[in-house]
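# Observations on the model geometry
Take a look at the letters that make up each chain.
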Amino acid sequence: MLTDLAIIIVSWKVREHLDRCLRSLRAALDADGVKSSVLVIDNASSDGTVEMVRRSHSWAAVEASPSNLGFVGGCNLGLDMLRGSAPAYWLLNPDTLVPKGTVRRMLGFLSDVPRAGLVGPKLLNPDGSIQESAFRFPGLLQALFALDLMPQRLYFSSINGRYPDRPYHQDSAFRVDHPLGAAMMASAQAVEDVGPLDSGYFMYCEEIDWAWRMRRAGWTNWLLPDVTVTHVGGASTQQMRPETTRYLWESRARLYRKHGRRVTFRLARFAVRRTFQMRRATTDDASWLAAYDGILKAWA
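Structure report, in brief. Please read all numbers here as calculations on a predicted model, not as lab measurements.

This next bit is on the pairing of strand β1 (residues 5-11). The buried count for β1 comes to seven of seven residues, which makes it a mostly enclosed element. Where β1 meets strand β2 (residues 36-43), seven bridges bridge the pair, whose relative direction is parallel. Residue Val 10 lies in a different strand from β2, and its bridge partner there is Ile 41. Between the parallel elements β1 and β2, the chain passes through helix α1 (residues 15-32) in a crossover that is right-handed. Judged from the three bridges that link them, β1 and strand β4 (residues 88-92) form a sheet pairing that is parallel. In the strand pairing of β4, Ala 6 is matched with Tyr 89.

Written out as structure tokens, the structure is:
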């Protein structure tokens, strides 16, 4: 059945966040008059997530994966299941709250702007402050900042891929390299053109890779500062810190190899390996040792 929008939410052990997300989403869709299909992909949660969705949100479909597919695997399963059902896909994190007006505005923008591939809303922290919602494509300096090898007073500056505050307070959309993946809406035509998320990523950097591929295929990426989504951030990933650190730096290795200049990758590799070799030498925690070994292997 053709709808206005296909929404995919990948969940892992965040039942309460997901419950609040779906309640806000249902109210927003009804208020905006958007006909949608909503699919929750649950990555083998053990907290009763699937039962909660079926009991309290029967209007949404839920697919219970027997194993943890990761964010990318879950999204791609959803994209495959909903392929051809709508002119746009919305990859929505379960730790988000959607206000009225946001869905209609984002969907209308994708429809009205030729070659718009990805669009994100302005993200807000739970206290109402502005969360960084879009970034420039990363280069060597961003890797050095992430390794704490650059002055922290410059962390939120343009040399670390940040956009200035001013565009976030304007009413008109502005072009970005990539929006944050927490509430990223994609044109179905763009997805057909460049393909789904790269399954080589388990989590992290997948939206950067997607946006980079879309840019190179002639699509544009945007942020809409006149609409918002509240994003808690880290609700799933903070539950497994050594593993998520490993996933992050493994994904960065893939991203830099795939999209960066050769000299950029080599310089980043030197800095990453030196940093994590030093960190490995200062711990005897088995979880962190395994994470550091994985990172060093990825950047070998």
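Next comes the rest of the account.
Another aspect to go through is the nonpolar core. Ranked by internal contacts, the top residues of the largest apolar core, which has 37 residues, are Leu 5, Ile 7, Ile 9, Leu 25, Trp 90, Leu 92 and Met 185. Per-element tally for this core: the top contributor is α1, with six residues. Counting 33 residues, the second largest nonpolar core, distinct from the first, contains Val 72, Val 191, Met 214 and Tyr 247.

Looking now at the packing of aromatic side chains. Going through the model one piece at a time under the given rule, you end up with 13 aromatic pairs. Ring centres of Trp 249 and Phe 276 lie 5.5 Å apart, and the angle between their planes is 65°; this geometry places the pair in the edge-to-face category. Here Trp 249, found in helix α8 (residues 241-259), pairs with Phe 276, found in helix α9 (residues 262-280); they are 27 residues apart in sequence, far enough to count as distant. Plain terms: the ring middles of Phe 276 and Tyr 292 are 5.8 Å apart, the flat faces sit at 45° to each other, and that makes the pair tilted. Separated by 16 residues along the polypeptide, Phe 276 in helix α9 and Tyr 292 in helix α10 (residues 286-298) bring together distant segments of the chain. On the basis of relative accessible area, Phe 276 is assigned to the buried category, the value being 0%. On the basis of relative accessible area, Tyr 292 is assigned to the buried category, the value being 9%. When the ring centre of Tyr 163 is taken as origin, the NZ or CZ atom of Arg 136, which lies over that ring, is 4.4 Å away. The ring of Tyr 201 carries Arg 254 above its face, with NZ or CZ at 5.6 Å from the centroid.

Conventions we followed
- Residues numbered from 1 in each chain as written.
- Predicted model: local features only at pLDDT ≥ 70, side-chain atom pairs only at ≥ 80, totals over all residues.
- Heavy atoms only, no water.
- Buried < 20%, exposed > 50% of the residue type's maximum accessible area, 1.4 Å probe, protein only.
- Helix = DSSP H or I, 4+ residues; strand = E, 2+ residues; numbered from the N terminus.
- Pairing = 2+ DSSP bridges.
- Right-handed = clockwise from strand over helix to strand, strands pointing away.
- Core = buried A, V, L, I, M, F, W, Y, C linked by side-chain atoms within 4.5 Å.
- Phe/Tyr/Trp six-rings, centres within 6.5 Å; stacked < 30°, edge-to-face > 60°.
- Lys NZ or Arg CZ within 6 Å of the ring centre and 35° of its normal.

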